[in-house]
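Chains, contacts and geometry: an overview
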Amino acid sequence: MTAQNAALAALRQYYGYDSFRPGQQGIVEALLAGRDVLGVMPTGAGKSVCYQIPAALLPGVTLVISPLISLMRDQVDAVNDIGLPAAFVNTTQDMDEQAMVLAQAAAGQIKLLYVAPERLETSRFRDFAARTPISLIAVDEAHCVSQWGQDFRSSYLGIGEFIAGLPQRPPIGAFTATATERVRQDIIGLLGLCDPAITVTGFDRPNLYFDVVKLETKYKVAWVASYIAEHADESGIVYCATRKNTEDIAATLNDMGHTAVAYHGGMNADVREKAQRDFITDKVPVVVATNAFGMGIDKSDVRFVIHYNMPESIEAYYQEAGRAGRDGEPSRCTLLWNESDIVTRRRLLDSDYENDRMTPEQQEIVRQSKRRLLDGMIGYCRTTDCLHRYMTRYFGQELAAAAGGTDTAGEVNGKCGACSNCESTFATTDVTQVARAISRCVHDVNQRVGSGKIVKILRGSQAQDLAWLNPEQLPTFGMLKDVNTALIRDVLNQMATDGYLSIAEGRLPIVQFGVRAAETVAPGFHYEIKKVERKSASRAVQRDMRAGGATGAEAAGSGAPFSSYVPDDDAEALFQKLRELRRTIAQEIGKPPYIVFSDKTLRDMAVIRPVTNAQFLAVNGVGEHKLELYGKCFMEAVAAFNAGKTQ
Ligand SMILES: [Zn+2]
């Protein structure tokens with residue numbers, strides 16, 4: 001059997017899928033061929049498949065290096081449940097337990113071993129690694145190795161040295177969701193990847209509806225409450241910037257009769273754990289949380305994620321919003337924001353590092369890098385472009401799409417049908433002339449200066465720090481002297497986020513031309529930015545997308561992803577029965593319901609109505625091990641349902 005066929009067979013056997021998602025196959029094949037891989041893919045895009053399939057096929061043990069000990073138990077549970085023997089070693093175990101797991105791994109009884117990076121530094125683990133054949137090393141959240149990333153962890157710096165010290169070097173798969181080139185280069189350099197196959201994949205999530213709502217702070221709670229009221233049977237997360245906010249909002253929602261629980265890092269560990277379990281087991285539909293919530297929560301049927309405040313970066317937003325709809329079913333991601341969110345974020349940036357041990361120069365580097373990340377986030381709020389397109393462009397996937405490899409589903413006339421911008425619920429200001437002037441000015445100064453100086457030149461400033469440029473000789477000097485400074489700045493930032501300009505990474509944020517720069521001098525160039533975000537927020541809320549959009553979108557034949565699922569009454573009734581069964585089983589085995597089967601699998605089951613093993617295996621998401629574990633119960637439920645129908 002070729003490696004390709006073996007990989008597909010393993011995918012079928014363990015996961016019950018017939019084909020890989022975009023990008024996965026290339027990564028799997030590269031690793032099986034012994035090549036290093038850098039996989040740039042979001043959490044939830046099926047990253048684990050990329051190393052679990054090779055782990056299943058290769059002899060020996062695969063080491064998975066993962067930063068969060070708190071997630072390991074759930075991760076390992078999920079792997080065992082598809083029939084791959086997995087275990088973890090960490091500080092939650094006593095020495096005897098750790099020794100036992102390592103002995104099992106050394107004896108070849110474990111295919112995947114999860115460890116935190118700190119573990120690699122212990123002599124006991126080094127001894128183990130020196131005498132046990134390690135066939136693959138997967139490094140999760142690999143951006144933690146870079147000081148340019150959001151979540152630098154010094155323990156990640158030891159990974160490269162650990163790998164170099166192994167008697168035989170296995171292929172390394174490094175995975176991250178971070179977009180910046182700088183961080184990717186750090187991962188390759190600091191982990192010592194050899195000529196890695198770099199794959200950027202899975203950043204578009206066509207089943208997610210992206211929604212940006214500009215709303216004054218005082219109206220936000222009412223908006224959230226009305227959304228929850230209209231989606232009462234759905235699970236959702238409301239993210240807030242502060243701990244106090246989570247408690248206040250959860251309390252307000254409960255006062256209004258909506259069951260919601262708060263979650264943040266300052267809460268007692270028991271209370272926090274209970275909140276998380278209640279949410280995962282569907283006891284509580286809504287959790288109001290800081291960004292401390294969600295790492296390692298694989299609940300696949302989260303139907304909405306609302307951001308009460310603007311996050312610090314697109315990476316952070318994408319990761320949090322991306323917790324919606326992991327099962328591929330239609331789900332909604334709404335960002336509520338206003339100008340004061342921007343002011344707050346900027347202020348936090350400037351105060352963040354004052355007492356840190358870094359030198360002033362290092363602090364400035366980090367601050368600038370964070371400012372750029374924040375600009376990307378602000379651009380998302382303000383852009384008039386498709387939000388799906390904005391996101392994929394941000395993550396560097398646009399070229400792949402242009403080359404014909406597009407997986408942005410459901411586009412009709414350039415409108416994705418799954419974001420609020422494509423439904424144009426906002427008014428715009430024509431800033432074509434401002435944009436042209438900025439572009440010309442960047443040309444005038446040979447792409448050598450930062451945005452502040454560009455604005456000054458265009459405004460005709462006499463500032464001393466411009467003198468070396470001889471600004472009065474520049475054709476664009478004073479060209480926008482009647483235009484408000486803030487507007488010029490906004491347009492410039494928007495042009496950077498839309499790809500007309502790019503701002504150099506490094507100590508000095510020099511404004512340069514972006515990949516679309518030439519468009520600004522084309523005769524037909526037209527550029528707009530948002531003025532008023534939307535005429536009616538409440539209408540958008542009412543436009544229901546919950547039951548798979550069995551309403552307007554399907555009738556109009558728009559081809560939007562939300563119209564892909566239209567349940568008939570029987571399928572819906574059976575689906576509800578299967579969900580009940582899933583909940584009962586989950587309670588019995590003490591695991592979250594999504595570990596048993598995802599909503600997507602249950603929906604497929606409700607349509608196929610399997611009563612034989614072969615039919616059951618045909619359901620999307622059913623592998624052999626799951627058939628063995630749960631097949632009988634579910635087929636009995638289907639048979640009972642069929643019998644009820646034919647009587
Ligand atoms: Zn769109």
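Residues numbered from 1 in each chain as written. Predicted model: local features only at pLDDT ≥ 70, side-chain atom pairs only at ≥ 80, totals over all residues. Heavy atoms only, no water.

In the annotation of an unreviewed UniProt entry, the chain is listed under the name DNA helicase RecQ and assigned to Bifidobacterium cebidarum. The UniProt entry for the chain carries this comment under Catalytic activity (unreviewed entry): "Couples ATP hydrolysis with the unwinding of duplex DNA by translocating in the 3'-5' direction." (UniProt positions renumbered as here; feature names shortened; annotations may be inferred.)

Attention now goes to unusual backbone geometry. Of note, asparagine 446 is a non-glycine position whose phi angle comes to about 55°, a positive value. Structurally, the position occupied by asparagine 446 is in the loop between α17 (432–444) and α18 (451–459). Assessed through its relative accessible area of 52%, asparagine 446 is described here as exposed. For asparagine 470, which is not glycine, the phi dihedral falls at a positive 55°. Looking at the secondary structure, you find asparagine 470 in the loop between α18 and α19 (485–497). (Helix = DSSP H or I, 4+ residues; strand = E, 2+ residues; numbered from the N terminus. Buried < 20%, exposed > 50% of the residue type's maximum accessible area, 1.4 Å probe, protein only.)

We now examine the pattern of salt bridges. Tallied over the entire structure, the rule returns 36 salt bridges. A salt bridge links arginine 582 to aspartate 301, with the shortest nitrogen-to-oxygen separation between them at 3.7 Å. Taken together, the residues arginine 582 in helix α22 (residues 569–589) and aspartate 301 in the loop between β11 (286–289) and β12 (302–307) connect sequence positions 281 residues apart. Pair check on accessibility: arginine 582 and aspartate 301 agree, each one buried. One salt bridge in this structure joins arginine 393 and aspartate 498, with 4.0 Å as the shortest N-O distance. Taken as a pair, arginine 393 in helix α15 (residues 387–394) and aspartate 498 in the loop between α19 and β15 (501–503) lie far apart in primary sequence, 105 residues in all. Assigned by exposure class, arginine 393 and aspartate 498 land together as buried. (Salt bridge = Lys/Arg side-chain N within 4 Å of Asp/Glu carboxyl O.)

Position of glutamine 494 among the secondary structure elements: in helix α19. Judged by relative accessible area, which is 4%, glutamine 494 ranks as buried. With near-sequence residues (within four places) excluded, glutamine 494 lies in contact with Gly379, Arg382, Thr383, Tyr527 and Ile529. (Contact = heavy atoms within 4.5 Å.)

As a further point, take the sheet that holds strand β7 (residues 197–200). Taken together, the seven strands give an open sheet; going across it, the order is β3-β4-β2-β5-β6-β1-β7, and neighbouring strands pair in parallel fashion. Of all the strands in the sheet, the pair left with one neighbour each is β3 (86–89) and β7. When the angles between neighbouring strand axes are averaged without regard to direction, this sheet yields 20°. Examined bridge by bridge, strand β2 (residues 61–65) and strand β5 (residues 134–139) share five bridges and lie parallel to one another. In the strand pairing of β5, isoleucine 65 is matched with valine 139. (Pairing = 2+ DSSP bridges. Axes fitted to C-alpha atoms, helices over the stretch in contact; angles between N-to-C directions.)

One finds Leu113, Ile137 and Tyr380 to be the most contacted residues of the largest nonpolar core, which totals 80 residues. Tallying contributions element by element places helix α14 (residues 360–382) first for this core, with five residues. Residue assignment places this core across two domains, with domain 1 (3–200) and domain 2 (208–398 + 419–424) each supplying three or more. (Core = buried A, V, L, I, M, F, W, Y, C linked by side-chain atoms within 4.5 Å. Domains from an automatic or database assignment.)

Note on placement: lysine 299 falls in the loop between β11 and β12. Judged by relative accessible area, which is 2%, lysine 299 ranks as buried. Linking lysine 299 and serine 235, residues 64 residues apart in sequence, is a C-alpha distance of 9.5 Å. Filtering out sequence-adjacent residues up to four positions away, lysine 299 remains in contact with Ser235, Phe279, Ile280, Asp282, Arg323, Arg326 and Tyr594. Side chain to side chain, lysine 299 and serine 235 meet in a polar contact 3.5 Å long. In this structure the side chain of lysine 299 is engaged in a polar contact, spanning 3.0 Å, whose partner is the side chain of aspartate 301. (Polar contact = N/O pair within 3.5 Å; in protein donor to acceptor, adjacent residues only side chain to side chain.)

Moving on: the packing of helix α5 (residues 95–106) against helix α6 (residues 123–131). Between α5 and α6, the shortest axis-to-axis distance is 10 Å and the interhelical angle comes to 10°. Considering their axes alone, α5 and α6 lie roughly parallel with respect to each other. Between α5 and α6, the residues in contact are Met95, Gln98, Ala99, Leu102, Ala105 and Ala106 and Arg124, Phe125, Phe128 and Arg131, respectively. Residue composition of the contact of α5 with α6, grouped by class: seven nonpolar, one polar and two charged. (Parallel < 35°, antiparallel > 145°, perpendicular 65-115°, else oblique. Nonpolar A, V, L, I, M, F, W, Y, C, P; charged D, E, K, R; others polar.)

For the coordinates displayed, the defined rule picks out 20 aromatic pairs. For the ring pair phenylalanine 597 and tyrosine 630, a centre distance of 5.7 Å and an interplane angle of 70° mean the geometry is edge-to-face. Highlighted residues: phenylalanine 597 in the loop between α23 (593–596) and α24 (599–608) and tyrosine 630 in helix α26 (residues 624–646), separated in sequence by 33 residues. Among the aromatic side chains, those forming a connected cluster through ring pairs are Phe203, Tyr318, Tyr394 and Phe395. Between the NZ or CZ atom of lysine 299 and the centre of the ring of phenylalanine 279, over which it lies, the distance is 5.5 Å. Here arginine 332 stacks its cationic end above the ring of tyrosine 209, 4.1 Å away from the centre of that ring. (Phe/Tyr/Trp six-rings, centres within 6.5 Å; stacked < 30°, edge-to-face > 60°. Lys NZ or Arg CZ within 6 Å of the ring centre and 35° of its normal.)

A few words on the pairing of strand β9 (residues 235–239). If a strand is regular, its side chains alternate between the two faces of the sheet. With five of its five residues buried, β9 lies for the most part within the structure. The alternating pattern of β9 places Ser235, Ile237 and Tyr239 on one face and Gly236 and Val238 on the opposite face, and all of these are buried. Pairing geometry for β9 and β11, over four bridges, is parallel. What sits directly across from valine 238, in β11, is valine 288.

Before going further, it helps to examine a nonpolar patch on the surface. A cluster of nonpolar side chains, Phe152, Leu157 and Leu190, forms an exposed patch at the surface whose accessible area comes to about 240 Å². One can find leucine 157 in helix α7 (residues 157–164). According to the relative accessible area criterion, leucine 157 is partly exposed, its value standing at 41%. (Patch = residues over 30% accessible without salt bridge, like charges linked within 9 Å, V, L, I, M, F, W, Y side chains within 5 Å. Areas by Shrake-Rupley, 256 points an atom, 1.4 Å probe, with all protein chains shown as cover.)

This part is about the sheet that holds strand β13 (residues 331–337). Pairing in this open sheet of six strands is parallel, and the strands run β8-β13-β12-β9-β11-β10 from one edge to the other. Since the sheet does not close on itself, it has two edges, and those belong to β8 (208–214) and β10 (260–263), each with one partner. Direction aside, the axes of adjacent strands within the sheet are offset by 15° on average. Where helix α11 (residues 269–280) meets the sheet, it contacts β9, β10, β11 and β12, and its direction lies at approximately 135° from that of β10.

Let us look at the environment of proline 117. Mapped onto the secondary structure, proline 117 falls in the loop between β4 (112–115) and α6. Those residues in contact with proline 117 that sit more than four places away from it in its chain are Ile65, Ser66, Pro67, Arg153, Ser155, Tyr156 and Ile159.

With that settled, consider empty space enclosed by the protein. Tallying each qualifying case throughout the model produces four cavities of 30 Å³ or more. By volume, the largest cavity is sized at about 50 Å³. Around the largest cavity sit Arg346, Asp375, Ile378, Gly379, Arg382, Asp490, Asn493 and Gln494, which together line it. Broken down by secondary-structure element, the contributors of at least two residues to the lining of the largest cavity are α14 and α19. (1 Å grid on protein atoms, 1.4 Å probe; cavity = no way out; pocket = protein on both sides within 12 Å on 5 of 7 lines; lining within 4 Å. Points joined across faces, edges and corners; volume = space filled by probe spheres on them.)

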